[in-house]
Amino acid sequence: MKRKVQVGIIGAGPAGLLLAHLLHRQGISAAIVEGRTREAIEGTIRAGVLEQWTVDLLIALGLGERLKREAHFHDGITLRFNRASHHLDFPALTGGKRVTVYAQHEVIKDLVAALLEKDPEAIRFGVRGVKPRDFDGDHPAIETEEGRIECDFIAGCDGFHGPSRQAIPAQHLRCYETVYPFGWLGILAKAPPSHHELIYARHDRGFALLSTRSPEVQRLYIQCDPADDLAEWSDDRIWNELRQRLETDEDWRLTEGPIFQKNIVAMRSFVCETMRWGRLFLAGDAAHIVPPTGAKGLNLAAADVVVLARALESYYRTGGTGLLDSYADTCLKRIWRGERFSWYMTTLLHKNDAEEDFVQRIHMADLDYVASSEAAQRALAENYVGLPMEV
Ligand code: FAD
Ligand code: DHB
């Protein structure tokens with residue numbers, strides 16, 4: 001394990017891995033300590049949608065070869081409600097932008113392989129007892145059961161439950177949160193795509209989302225109770241719900257097949273505005289969580305580390321701390337916009353029995369408005385494909 005680097009990174013998720021690549025490009029030494037095994041991080045099924053600028057960045061970094069071959073490039077999404085479909089044409093609405101469906105664990109595999117090729121010691125997997133230390137002084141370190149890594153700065157890219165945010169004194173944390181009374185049951189099914197793009201459906205029985213992974217595999221989600229036991233969700237029950245929630249008067253049928261992966265995730269919105277404490281910088285899910293409906297989580301994590309890498313590059317080149325000092329403020333502008341959009345898509349599309357009937361009628365009117373107004377479609381599309389990002 002490396003004992004001294006310029007930037008010590010905790011966590012080999014999208015944020016930590018992308019940061020390591022950006023720093024490597026700038027000639028800044030970095031090392032990642034990851035709590036899980038390589039197999040575990042490369043096998044965890046999570047997000048699927050990449051914004052246009054995220055894809056452009058991966059390609060510019062030389063990390064997009066497999067993505068270019070295997071990803072699905074989508075020109076829009078369909079909103080479905082009241083048994084009818086409404087297509088949003090992203091290139092027409094956004095001046096040519098699209099979105100890319102490429103599973104998060106495929107991104108992870110590409111980033112890990114390329115990083116280890118550049119520097120076989122860049123990532124240490126399965127490390128226990130990881131803690132950021134002494135970051136309120138000039139000589140921070142990452143403590144682990146295998147020893148200490150001395151560094152100039154620590155990047156806490158260790159997700160929502162990681163040790164970095166928790167290491168900041170609680171009285172200094174400024175956090176905002178809302179928890180939703182529903183979750184998503186996600187499945188992978190061996191069945192050819194039912195549609196060439198994503199379908200987001202609002203139905204009286206709850207939300208449903210049709211996505212894809214490959215010509216043989218579909219990714220689907222349904223709104224459920226976050227406390228549900230997966231054992232209560234037989235394959236038959238899942239397909240039955242999906243059929244009803246995605247029903248339409250059009251000539252369309254859901255293709256079905258064996259389900260080989262199921263999981264339930266709870267949903268919350270969370271922002272920790274204290275993204276920097278001394279020489280510790282939080283990035284990605286360590287600082288903020290969005291509900292998955294707007295497909296923003298991974299993209300927001302990537303945006304944070306672009307800002308952080310630029311600030312570190314400026315520090316090492318000029319000795320100036322201006323960009324490090326403005327890191328949180330710069331990131332929080334985009335984060336709050338991502339939070340707003342994810343909250344909007346979530347409340348718009350989910351059935352929340354705690355809401356008054358009046359509010360539920362407002363959501364239907366909102367959907368109707370999006371379906372019929374080009375201005376409303378443009379606003380949704382602009383956020384979905386990703387707000388402008390300077391890379
Ligand atoms: P993470 O991906 O969480 O990576 C953090 C890394 O830090 C992990 O590898 C972890 O093992 C490591 N770590 C944690 N603790 C320690 C420790 N003590 N020591 C060392 N390492 C540690 N977003 C979407 O847009 N669509 C989705 O469908 C979607 N589904 C999701 C499902 C789940 C179950 C979760 C948790 C998130 C989902 N997200 C989704 C969000 C998206 O996956 C995240 O926003 C994205 O992974 C954030 O990347 P990150 O690098 O900040 O954090
Ligand atoms: C997927 C995940 C999302 O959160 C979303 O909004 C769209 C698609 C997916 O996993 O494919």
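Below: a short report on this structure.

### Some thoughts on the packing of aromatic side chains
Reasoning step 1: Going through the model one piece at a time under the given rule, you end up with 13 aromatic pairs.
Reasoning step 2: Seen from their ring centres, Phe-153 and Tyr-316 are 6.2 Å apart, and the 85 degrees between their planes marks the pair as edge-to-face. Of this pair, Phe-153 sits in strand S12 (residues 153-156) while Tyr-316 sits in helix H9 (residues 297-318), and the two are 163 residues apart along the sequence.
Reasoning step 3: Looking at Phe-153, the relative accessible area reads 3%, which means it is buried.
Reasoning step 4: Ring geometry for Trp-184 versus Phe-207: centroids 5.3 Å apart, planes at 15 degrees, classification stacked. In this pair, Trp-184 sits in strand S13 (residues 175-190) while Phe-207 sits in the loop between strand S14 (198-201) and strand S15 (208-214), placing the two residues 23 residues apart along the sequence.

### Quick look at the site of ligand 2
Reasoning step 1: For ligand 2, the set of nearby residues contains 15 residues, the closest of which are Tyr-200, Ser-211, Arg-213, Tyr-221 and Pro-292.
Reasoning step 2: Here Ser-211 contributes a side-chain N or O atom positioned 2.6 Å from an oxygen atom of ligand 2.
Reasoning step 3: In this structure, Arg-213 approaches ligand 2 through a side-chain N or O atom, which is 2.7 Å from an oxygen atom.
Reasoning step 4: Bound to the protein, ligand 2 loses 98% of the 290 Å² it would expose on its own.
Reasoning step 5: Every element with two or more residues in the shell around ligand 2 is listed here: S14, S15 and strand S16 (217-224).
Reasoning step 6: Ranked by residues supplied to the shell around ligand 2, first place goes to S15 with 3 residues.
Reasoning step 7: Along the lines of polarity and charge, the residues of the shell around ligand 2 split into 9 nonpolar, 3 polar and 3 charged.

### Overview of empty space enclosed by the protein
Reasoning step 1: Evaluation of the coordinates by the stated rule reveals 3 cavities of 30 Å³ or more.
Reasoning step 2: Considering the residues around the largest cavity, the lining is formed by Glu-51, Lys-296, Leu-300, Arg-334, Arg-337, Gly-338, Phe-341, Asn-383, Gly-386 and Leu-387.
Reasoning step 3: Ranked by the residues each element gives to the lining of the largest cavity, the list is headed by helix H11 (residues 327-349), at 4 residues.
Reasoning step 4: When its residues are assigned to classes, the lining of the largest cavity shows 3 nonpolar, 3 polar and 4 charged.

### As for unusual backbone geometry
Reasoning step 1: Of note, Asn-82 is a non-glycine position whose phi angle comes to about 50 degrees, a positive value.
Reasoning step 2: Along the chain, Asn-82 turns up in the loop between strand S5 (76-81) and strand S6 (84-89).
Reasoning step 3: Located in the positive-phi region is Ala-295, a residue other than glycine, with phi close to 55 degrees.
Reasoning step 4: If you trace the backbone, Ala-295 turns up in the loop between strand S20 (288-289) and H9.

Conventions we followed
Residues numbered from 1 in each chain as written. Chains lettered and ligands numbered in written order. Predicted model: local features only at pLDDT ≥ 70, side-chain atom pairs only at ≥ 80, totals over all residues. Heavy atoms only, no water. Phe/Tyr/Trp six-rings, centres within 6.5 Å; stacked < 30°, edge-to-face > 60°. Helix = DSSP H or I, 4+ residues; strand = E, 2+ residues; numbered from the N terminus. Buried < 20%, exposed > 50% of the residue type's maximum accessible area, 1.4 Å probe, protein only. Near = heavy atom within 4 Å. Polar contact = N/O pair within 3.5 Å; in protein donor to acceptor, adjacent residues only side chain to side chain. Areas by Shrake-Rupley, 256 points an atom, 1.4 Å probe, with all protein chains shown as cover. Nonpolar A, V, L, I, M, F, W, Y, C, P; charged D, E, K, R; others polar. 1 Å grid on protein atoms, 1.4 Å probe; cavity = no way out; pocket = protein on both sides within 12 Å on 5 of 7 lines; lining within 4 Å. Points joined across faces, edges and corners; volume = space filled by probe spheres on them.

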